[in-house]
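# Geometric and topological summary
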Amino acid sequence: MDKDKYIEHIVKKQASVLAVMAKYFAYFITAFGVYALFSSTLIGTIILMLGAGLIYVTGMAVDVEYEFLFVNDDCEISKIYKKSTRKKCASFEGSKVDRIACCTSDKFKNDLQIKRDWTVTKYVSGNADKEDMCYGFVYTENEKQKVAILELNDKVIDYINRVYKNKMESYSAWKH
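Residues numbered from 1 in each chain as written. Predicted model: local features only at pLDDT ≥ 70, side-chain atom pairs only at ≥ 80, totals over all residues. Heavy atoms only, no water.

### Comments concerning helix H1 (residues 17–39)
With 23 residues, H1 extends 34 Å between its outermost C-alpha atoms, agreeing within 8% with the 33 Å of an ideal straight helix rising 1.5 Å per residue. Within H1, burial applies to Ala19, Ala26, Ile29, Thr30, Gly33 and Ala36. Each element contacted by the buried residues of H1 is listed here: helix H2 (41–62). (Helix = DSSP H or I, 4+ residues; strand = E, 2+ residues; numbered from the N terminus. Expected span 1.5 Å × (residues − 1). Buried < 20%, exposed > 50% of the residue type's maximum accessible area, 1.4 Å probe, protein only. Contact = heavy atoms within 4.5 Å.)

### Points about the nonpolar core
Ranked by internal contacts, the top residues of the largest apolar core, which has 26 residues, are Phe70, Phe137, Leu150 and Leu152. For this core, the secondary-structure elements that each account for two or more residues are strand S1 (6–13), strand S2 (64–71), strand S3 (74–81), strand S4 (85–92), strand S5 (97–102), strand S7 (134–141), strand S8 (144–151) and helix H4 (154–163). If one sorts the elements of this core by residue count, H4 sits on top with four residues. With sequence-adjacent residues up to four places away left out, Leu152 is seen in contact with His9, Phe68, Phe70, Met133, Tyr135, Phe137, Ile157 and Ile160. Of all hydrophobic cores here, the second largest spans nine residues; its members include Ala101, Phe108, Cys134 and Val147. (Core = buried A, V, L, I, M, F, W, Y, C linked by side-chain atoms within 4.5 Å.)

### Overview of the environment of Ile7
Relative to the assigned elements, Ile7 resides in strand S1. When its relative accessible area of 9% is taken as the criterion, Ile7 is described as buried. Along the backbone, Ile7 and Leu48 are 41 residues apart, and their C-alpha atoms lie at a distance of 44 Å.

### Let's talk about H2
Over its 22 residues, H2 runs 31 Å from end to end, which matches the ideal 32 Å to within 8%, given 1.5 Å per residue. Every buried residue of H2 is listed here: Gly44, Ile47, Gly51, Thr58, Gly59, Met60 and Val62. Packed against the buried residues of H2 are S1, H1, S2, S3 and S4.

### Side note on the side chain of Glu151
Residue placement: Glu151 occurs in strand S8. Here Glu151 sits buried without a salt bridge, and the closest side chain of opposite charge, Lys130, lies 4.7 Å off (N-O distance). Here Ser125 takes part through its side chain, which lies 2.8 Å from a polar atom of the side chain of Glu151. (Lys, Arg positive; Asp, Glu negative; His and termini not counted. Salt bridge = Lys/Arg side-chain N within 4 Å of Asp/Glu carboxyl O. Polar contact = N/O pair within 3.5 Å; in protein donor to acceptor, adjacent residues only side chain to side chain.)

### Section: the sheet that holds strand S6 (residues 119–123)
Read from one edge of the open sheet, four strands run S5-S7-S8-S6, paired in mixed fashion. Two strands bound the open sheet, and with one partner strand each, they are S5 and S6. Ignoring which end each strand starts from, the neighbouring axes of this sheet average 20° apart. Where helix H3 (residues 106–114) meets the sheet, it contacts S5, S6, S7 and S8, and its direction lies at approximately 125° from that of S5. (Pairing = 2+ DSSP bridges. Axes fitted to C-alpha atoms, helices over the stretch in contact; angles between N-to-C directions.)

See the structure below:
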C-alpha cells in the first residue's frame, strides 16, 4: 500500500489599515464603557458590552491565516481566525485541476482578463514582496471554472512540481 503524499502550509494575512483602525476604535469604546459604568450603570454596561463585541469581531478580521493542506493531489483551503476558529473555504480534487500557473506570468494575467466567467479567489498574505510566490490553480467545480490563488513557499512548490507534473505551466515559470 502506498503512503499518502502530504504537505501543509500556513500564510498569515496582513490586516488592512481599516481593520486595525476598527480594532483600536473597539478598544476605545470599551475603555469609554468602563468610564461610563461609574456615572450610569445601565448605559456603561451597554457601552462596555458593545465594545467587547466589537473587540471580538475586529479581532477576527485582524488575525487571519490561510492553511493549505495537500494530500496527494487534492487540496483543502481553510481560513483560521485568531489561531482558534477554523472555516473551510475551498477544496478541489487533483483530477479537477486543469492547470497551475505562476500568477506573475503574462499568460496567466492575460487569461484572467480574457476569461471573465472565471471565479477568482485569493488566499494570500497581501504582502507585495511575496507576489512571485503566488500560484493560480485553475479547476472545474459544478461545471464552472474557478481559480484559487495561493501563496506558497519553496517546499510546497517542489511538492506541487512532483505531484501535479502534467498540469503546471512550463517548469521555467516555477523558478524565481
